[in-house]
Number of protein chains: 2
Amino acid sequence: MVTMEDVARLAGVSKMTVSNVVNNRGGVGDLVRQRVLEAIRESGYRVNVSARTLKSGRTGVIGLAVPEIDLPYFSHLADLVIDAAARRGYHVAIERTGAAETGEADALAHSRLLQFDGLILSAVALDGLDERLTEAGYPIVMLGERDFGGRFDHVSMPNEAGIKAATGHLADQGCRRIGIVSGPAREGVNVVTRRYHAYLDALTERGLAADPPLLFPLDRMTMEAGRAAAHRMVDSGHEVDGLVAVTDTIAIGVLRGLADRGLRVPDDVRLIGFDDVPEARFLVPSLSTVAPDHRWMAEKAVELVVQRVHAPSRPTGEYVAPFELVIRESTR
Amino acid sequence: MVTMEDVARLAGVSKMTVSNVVNNRGGVGDLVRQRVLEAIRESGYRVNVSARTLKSGRTGVIGLAVPEIDLPYFSHLADLVIDAAARRGYHVAIERTGAAETGEADALAHSRLLQFDGLILSAVALDGLDERLTEAGYPIVMLGERDFGGRFDHVSMPNEAGIKAATGHLADQGCRRIGIVSGPAREGVNVVTRRYHAYLDALTERGLAADPPLLFPLDRMTMEAGRAAAHRMVDSGHEVDGLVAVTDTIAIGVLRGLADRGLRVPDDVRLIGFDDVPEARFLVPSLSTVAPDHRWMAEKAVELVVQRVHAPSRPTGEYVAPFELVIRESTR
DNA sequence: TTGTACGCGTTATCAG
DNA sequence: CTGATAACGCGTACAA
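Every chain's residues receive numbers from 1 upward, in the order its sequence appears when written. In the order they appear in the text, chains get letters beginning with A and ligands get numbers beginning with 1. Selection of residues for local features in this predicted model requires a pLDDT of at least 70, selection of side-chain atom pairs for listing and counting requires 80 or more, and totals for whole chains, interfaces and linings are taken over all residues. To obtain the side-chain values, all non-hydrogen atoms of the structure were included, while hydrogens and water were left out.

1. Section: the packing of aromatic side chains
All names here are of chain A.
Stage number 1. Whether two aromatic rings pair depends on their centres lying within 6.5 Å, for rings of Phe, Tyr and Trp, where Trp uses its six-membered ring; planes under 30 degrees apart make the pair stacked, over 60 edge-to-face, and the rest tilted. For the structure shown, the criterion picks out five aromatic pairs over all chains.
Stage number 2. Pairing Tyr196 with Tyr199 gives two aromatic rings, centres 6.0 Å apart and planes at 25 degrees, and the pair type is stacked. In this pair, Tyr196 and Tyr199 are both assigned in helix α9 (residues 191-205), three residues apart and thus about one turn of the helix distant.
Stage number 3. The ring of Phe274 has Arg195 sitting right over it, with the charged end atom 3.7 Å from the ring centre. The helix count covers DSSP runs of H or I at least four residues long, the strand count covers runs of E at least two residues long, and both are numbered beginning at the N terminus. In our convention, an over-ring charge means Lys NZ or Arg CZ found within 6 Å of a ring centre and within 35 degrees of that ring's normal.

2. Focus: the protein's contact with DNA strand C
Stage number 1. The criterion for a residue being near a molecule or strand is simple. One of its heavy atoms has to lie within 4 Å of it. Close to DNA strand C lie 25 residues; A:Ser14, A:Val32, B:Met4, B:Tyr45 and B:Arg52 are nearest.
Stage number 2. Among all atoms of DNA strand C positioned within 4 Å of the protein, those belonging to sugar or phosphate total 58%.
Stage number 3. Residue B:Asn23 places a side-chain N or O atom 3.3 Å away from a phosphate oxygen belonging to DNA strand C.
Stage number 4. Within the side chain of B:Tyr45, one N or O atom sits 2.6 Å away from a phosphate oxygen of DNA strand C.
Stage number 5. Taken together, the elements giving at least two residues each to the surface near DNA strand C come down to α2 (15-22) and α4 (49-56) of chain A together with α2 (15-22) and α4 (49-56) of chain B.
Stage number 6. Residue polarity is assigned by list, with Asp, Glu, Lys and Arg as charged and Ala, Val, Leu, Ile, Met, Phe, Trp, Tyr, Cys and Pro as nonpolar; anything else, Gly included, falls into the polar class. Class assignment for the residues of the surface near DNA strand C results in 11 nonpolar, eight polar and six charged. The term polar contact refers here to a pair of N or O atoms within 3.5 Å; inside protein, the definition further demands a hydrogen-donor-capable atom paired with an acceptor-capable atom, and it admits residues adjacent in sequence only when both atoms are side-chain atoms.

3. What about the relation of the copies chain B and chain A?
Stage number 1. Expressed as a screw transformation, the operator carrying chain B onto chain A has a rotation angle of 179 degrees and an axial translation of 0.6 Å, and the superposed copies differ by an RMSD of 0.9 Å. This pairing of chains is accounted for by a two-fold axis.
Stage number 2. When checking whether two residues touch, look at their non-hydrogen atoms; a contact exists if any pair is within 4.5 Å. Residue by residue, 86% of the interface of chain B is reproduced at the interface of chain A, so both copies engage with the same surface. Each copy is superposed on the other by least squares, with the fit set by C-alpha atoms of residues at a pLDDT of at least 70 in both.

4. Topic: the nonpolar core
Stage number 1. Counting residues in each nonpolar core, the largest one holds 148 residues, and the members touching the most others are A:Leu243 and B:Leu243.
Stage number 2. Once residues within four sequence positions are removed from consideration, A:Leu243 is found in contact with A:Leu170, A:Gly179, A:Ile180, A:Val181, A:Phe216, A:Met233, A:Val254, A:Leu258, A:Val269, A:Arg270, A:Leu271 and A:Ile272.
Stage number 3. Only buried residues count toward a nonpolar core. Its members are Ala, Val, Leu, Ile, Met, Phe, Trp, Tyr and Cys residues joined through side-chain atoms within 4.5 Å. Only protein chains enter the accessibility calculation, which uses a 1.4 Å probe; a residue whose area is less than 20% of its type maximum is buried, one above 50% is exposed, and one in between is partly exposed. Counting residues in hydrophobic clusters, the runner-up holds 13 residues, among them A:Val7, A:Ala8, A:Ala11 and A:Ile40.

5. Describing the pattern of salt bridges
Stage number 1. We define a salt bridge as a contact between a side-chain nitrogen of Lys or Arg and a carboxyl oxygen of Asp or Glu at a distance within 4 Å. The tally for this structure, following the rule as stated, stands at 36 salt bridges over all chains.
Stage number 2. One salt bridge connects A:Glu160 with A:Arg194, and the closest N-O pair in it is separated by 3.3 Å. Of this pair, A:Glu160 sits in helix α8 (residues 159-172) while A:Arg194 sits in helix α9, and the two are 34 residues apart along the sequence.
Stage number 3. The exposure class of A:Arg194 is partly exposed, given its relative accessible area of 21%.
Stage number 4. Between B:Lys164 and B:Glu205 there is a salt bridge, with its nearest N and O atoms 2.9 Å apart. Highlighted residues: B:Lys164 in helix α7 (residues 159-172) and B:Glu205 in helix α8 (residues 191-205), separated in sequence by 41 residues.
Stage number 5. Its relative accessible area of 31% is what places B:Lys164 among the partly exposed residues.
Stage number 6. Judged by relative accessible area, B:Glu205 falls into the exposed class, the value being 59%.
Stage number 7. Taken together, the shared-partner salt bridges in this structure form one network comprising A:Arg227, A:Arg256, A:Asp260 and B:Glu329.

What follows is the structure, given as structure tokens:
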């Protein structure tokens, strides 16, 4: 392995000078700088990140923990976070936590090993994890999901407002029996219960609330689960003319599930999702959805982590993303 | 920060003994081991990965380089690679190569890549990269795309066989004017030209080759590009009754593009993709596709990298994934 | 402007 | 079975 020492010898200077050149620090003569750069090229020298990290105590890496990366929403999010981090000179390491709670605890243990400078946690299920989180040793920002009562910075989806807007939009389109396809209920306040209550509120305000509620539950947040929910809904004879899916991923499955049963969107049932994943506009029919400003969220989360790296004791904050209602074919 | 030194002092032993306990090495008395473990718990000690890496020269991390992670194919691949690596005790760090190269100093460019014990490179479009790669200093496996003439291990898609099967299937379904939507042509042999030629061969064998060929080119490998290609195809008056899309991502765009022009799949045009991304079965119509065994590919790629970490000079090999033709609604 | 000496936390070697 | 010592490669005082 080529070290700084080698480069220094080759260029006829000291290690320190090489270090200064590599890090673009001043105090190096132009001629010397050229010689050093030449020596670097010739020798194929690369900085040793481990040594640098060991010395500085900073890794320059932000962890991004997501349940699954092959769900469209999370991969899209990852993309945006990488961009935002890059703009600040940070790299992003993606950790997959898996949907199960044990997986998330494990991932946290692993992320300790990886020594991030900070962690952005986008998680669905976090039971019993908050205890461990407080001793993680680096800043943590919760992104888009359950909040921990102000213990961490929290960048959240416009859950209430978004779902209310979506539900209201269905009503405006003439829907009278509006159902919701919603994720696995967990104890405590989380994104699922929040969205569910927002849905109920919107219906109540318009006098459309059904009793019993038209809730079609999911056991997982996958396309397959969405499809199964749609099947169950149709097979049990519910007559619904509008459906709110709590995420676009679910909506993709629902769309398919309705097609399986010969129901057409939007003719028989109108359908609206939440997230505006890249696929949404390409589906047939294209999917109406609540489009939170993901870029804003990614940007905010990274900004908060980076800030906290330098000022660990700043008080935590709550940040809700702006959103737009995107009307496409599925609710026309 | 709590160091081994601190733990050693607390337990009344030497650093070395603590190290032995932490790494489950033998040669430590049971009583001493207990004392050390207790001291670790009490102090909240965590191994410092940077120091370990600096010393050992191994990181336990495999890099996975992909152009974009929010394309369904790559995020799915990432998922499988993470699984395969985890089974062998390795972590995976995803690197996105799609972004334009910044003007970093040579020594810093790719320095992040140096933290890897090995690299799995998927579909990289960085020109002149192969020069640098040979001096990367760690094993590299090419996955699924461009091959570098036997310089690296290469796990490839069943490009020829898969596209031939797909094209043949369209012919079997009665298609007579079969087109292909294919990616940006690059110099040299790559996945795109390979698939294109396989398509031509299949047509020639059946006497269906058109002159001029029904090639609808893409400038990028995105859904949007697929949609645009479909628009151009229809608008230019081509009468095509079967379409091969070189990837499912493209196919999703094409599906939408055809719908935009009022063409129905499969009634007016049959469409088949390549990859079998998770979404494929949920589209309406569900998408017929060539389904390479991605799990096999991920497994193989990881296996090869890990092998080569321990035996760097083993001769390189070429490995072609098995595949299945998955017939769904889009070609019925 | 350049060079020297030392420390970062861990592990390998070798002696006890 | 345990402990002392010397690296690993880089960055930072501080000296020249």
